[in-house]
Amino acid sequence: MILDTIKKRRSVYPNQFSDKTVEKWKIEQILEAANWAPTHRKTEPWRFKVVLGESQIKLGEFLAEKFKSTTPKFSDFKYNKIKTNPTKAGAVIAICMQRHETIPEWEEIAATAMAVQNLWLATQDLELGGYWSSPALIEYMGEFFDLKEGERCLGFFYLGYIETPSMERVPSSIRDKVEWL
């Protein structure tokens, strides 16, 4: 049942991945699942940019140098973490949104987030791990990616084989979050 997959889904951080490369067919299957997300007026605003191999090194270098040039509080530790995180993943998928002016922006963001949820559930189903990161540096991604007019980056989905399992997640009761009228 889908509820079992939902309950098993976890955030798996780049330092928890093994060195094993994620097969292209698995990435394609994950992206296909994302493509089936609901969307208002069928705008399908989600866009994905798959970063592999040498491009992961370039992404890490770009992010680290952008951090260095924009932060008021530089830290060698954070610089090195930003630089190496993309290379620790089997793949990095940039999560982007193509804005359609006829739809409220929040609906386009919500549709893109639903696509990422589908992506994440497919990741779990394929026994991979993933993590959605939305660093402040995403505002500069138009300098790294060729973003189209109205397209913007909402974050990165780090994808890989799990070496170190994530801790069990036990959410608070749904009863505390629902009001019956």
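Conventions and cut-offs
- Residues numbered from 1 in each chain as written.
- Predicted model: local features only at pLDDT ≥ 70, side-chain atom pairs only at ≥ 80, totals over all residues.
- Heavy atoms only, no water.
- Helix = DSSP H or I, 4+ residues; strand = E, 2+ residues; numbered from the N terminus.
- Rg over C-alpha atoms; globule rule 2.2 N^0.38 Å.
- Buried < 20%, exposed > 50% of the residue type's maximum accessible area, 1.4 Å probe, protein only.
- Contact = heavy atoms within 4.5 Å.
- Areas by Shrake-Rupley, 256 points an atom, 1.4 Å probe, with all protein chains shown as cover.
- Lys, Arg positive; Asp, Glu negative; His and termini not counted.
- Charge placed at Lys NZ, Arg CZ, Asp CG, Glu CD.
- Polar contact = N/O pair within 3.5 Å; in protein donor to acceptor, adjacent residues only side chain to side chain.

Peer 1: Which residues make up the overall build of the chain, and what values do they have?
Peer 2: Helix and strand counts for the chain come out as five helices and four strands. Along the chain direction, N to C, the helices and strands of the chain fall in the order α-α-β-α-α-β-α-β-β. Here the chain has a C-alpha radius of gyration of 17 Å; the compact-globule value for 181 residues is 16 Å, and the two agree. Along the first, second and third principal axes, the C-alpha set of the chain runs to 55 × 45 × 35 Å. Of all 181 residues assigned to the chain, the portion counted as buried reaches 40%. When contacts within the chain are restricted to residue pairs at least 6 apart in sequence, long-range pairs at least 24 apart make up 78% of them. For the chain, the exposed surface amounts to about 11300 Å²; the carbon and sulfur share of it is 53%. The positive charge centre, built from 25 side chains, and the negative charge centre, built from 25, are 3 Å apart in the chain.

Peer 1: Explain the environment of Thr-87 to me, and be specific about the residues and the numbers.
Peer 2: Among the secondary structure elements, Thr-87 is positioned in helix H4 (residues 76-88). For Thr-87, a relative accessible area of 39% gives the class partly exposed. For Thr-87 and Lys-58, which are 29 residues apart along the polypeptide, the C-alpha to C-alpha distance reads 9.3 Å. A polar atom in the side chain of Thr-87 sits 2.6 Å from the backbone oxygen of Thr-84.

Peer 1: I'd like a rundown of the side chain of Lys-49, residues and numbers included.
Peer 2: Tracing the backbone through its elements, the reader meets Lys-49 in strand E1 (residues 46-51). Given a relative accessible area of 18%, Lys-49 falls into the buried group. Within polar-contact distance, the side chain of Lys-49 engages the side chain of Glu-151 at 3.1 Å. If we skip the residues at most four places from it in the chain, Lys-49 touches Val-92, Ile-93, Ala-94, Cys-96, Phe-145, Asp-146, Leu-147 and Glu-151.

Interpretation in functional terms is not warranted from these geometric data alone.
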